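Residue-level listing of the chains:
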Amino acid sequence: MLDWLSAFPKTSERLAGSPLKQYLIEYLAHLTEQRYPTKTMRKYADYLLCFGEFLARHKVLNAAQFCAAVEPFLKELASRLSSALKVRHILNRFLGYLRQTGSIPALEPNDPG
């Protein structure tokens, strides 16, 4: 289902070593089922792999803590990438998918997450 990844060996390598590997494979398969263009999925994968690398550096390996890591990640990313805030929607969609599948807890009504 993720045959398109074979055309991007560096992305495949990063995915293989990512702490988000299980979640990303499921999410990218979901996007493939939704007929997202390969270019879009690759962009999503690259940003989500960056998020996974951030999580690993900061030892945030519990899925329930992923949401709390978004703002620190975006702040760090903004120091290197002027369009970092545009990544927020990619992270929100990914986290929404994880909530939908039960991988992370649903937001409480008063949770700004």
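Check the entry above for the structure.
Heads up: these notes are all about the structure in this document. Since this is a predicted model, take the numbers as computed values, not measurements.

Let us look at the pattern of salt bridges. One pass over the structure, following the stated rule, counts 4 salt bridges. Across the pair R57 and E76 runs a salt bridge whose closest N-O atoms are separated by 2.3 Å. On the criterion of sequence distance, the pair formed by R57 in helix α3 (residues 38-57) and E76 in helix α4 (residues 70-78) is long-range, its members being 19 residues apart. Relative accessible area serves as the criterion here: at 26%, E76 is assigned to the partly exposed category.

The next subject is the packing of α4 against helix α5 (residues 88-100). One can describe the packing of α4 onto α5 by two numbers: an axis separation of 11 Å at closest approach and a directional angle of 155°. Overall, the two elements α4 and α5 adopt an arrangement that is roughly antiparallel. Taken as a pair, α4 and α5 cross one another with a handedness that is right-handed. Residues V70, E71, F73 and L74 of α4 form the contact with α5, whose participating residues are R88, L91 and L95. Grouping the constituent residues of the contact of α4 with α5 by class yields 5 nonpolar, no polar and 2 charged.

Turning to unusual backbone geometry, a few remarks are in order. Despite not being glycine, R35 has its phi angle at roughly 65°, a positive value. On the secondary structure map, R35 appears in the loop between α2 (21-33) and α3. Look at R35 and you get exposed, because its relative accessible area is 75%. For K59, which is not glycine, the phi torsion reads 55° and is therefore positive. Among the secondary structure elements, K59 is positioned in the loop between α3 and α4.

Reading guide: rules and limits
- In every chain, residue numbers begin from 1 and rise along the written sequence.
- Reporting in this predicted model follows two pLDDT cut-offs: at least 70 for local features of residues, and 80 or more for side-chain atom pairs to be given and counted; totals over whole chains, interfaces and linings ignore these cut-offs and use all residues.
- As a convention, hydrogens and water are excluded, and side-chain values are obtained from all of the structure's heavy atoms.
- Salt bridge, as applied in this entry: a Lys or Arg side-chain nitrogen positioned within 4 Å of an Asp or Glu carboxyl oxygen.
- Each helix is a run of H or I in the DSSP string that is no shorter than four residues. Each strand is a run of E no shorter than two, and both are numbered from the N terminus.
- Whether a residue is buried, partly exposed or exposed follows from its accessible area with a 1.4 Å probe, protein chains only, as a fraction of its type maximum: under 20%, in between, or over 50%, in that order.
- Axis lines are fitted to C-alpha atoms, over the contacting stretch for helices. Their N-to-C directions set the angle, which ranges from 0 to 180 degrees.
- Orientation categories follow fixed angle ranges, with anything under 35 degrees roughly parallel, anything over 145 roughly antiparallel, 65 to 115 roughly perpendicular, and all other angles oblique.
- Crossing handedness: left-handed means the near helix sits turned counterclockwise from the far one by under a right angle, and right-handed means the same turn made clockwise.
- Two residues qualify as a contact provided that any one of their heavy atoms is within 4.5 Å of a heavy atom in the partner residue.
- Residues are grouped as follows: Ala, Val, Leu, Ile, Met, Phe, Trp, Tyr, Cys and Pro are nonpolar; Asp, Glu, Lys and Arg are charged; every other residue, Gly included, is polar.

Remember, this is a structural readout, not a statement about activity or role.
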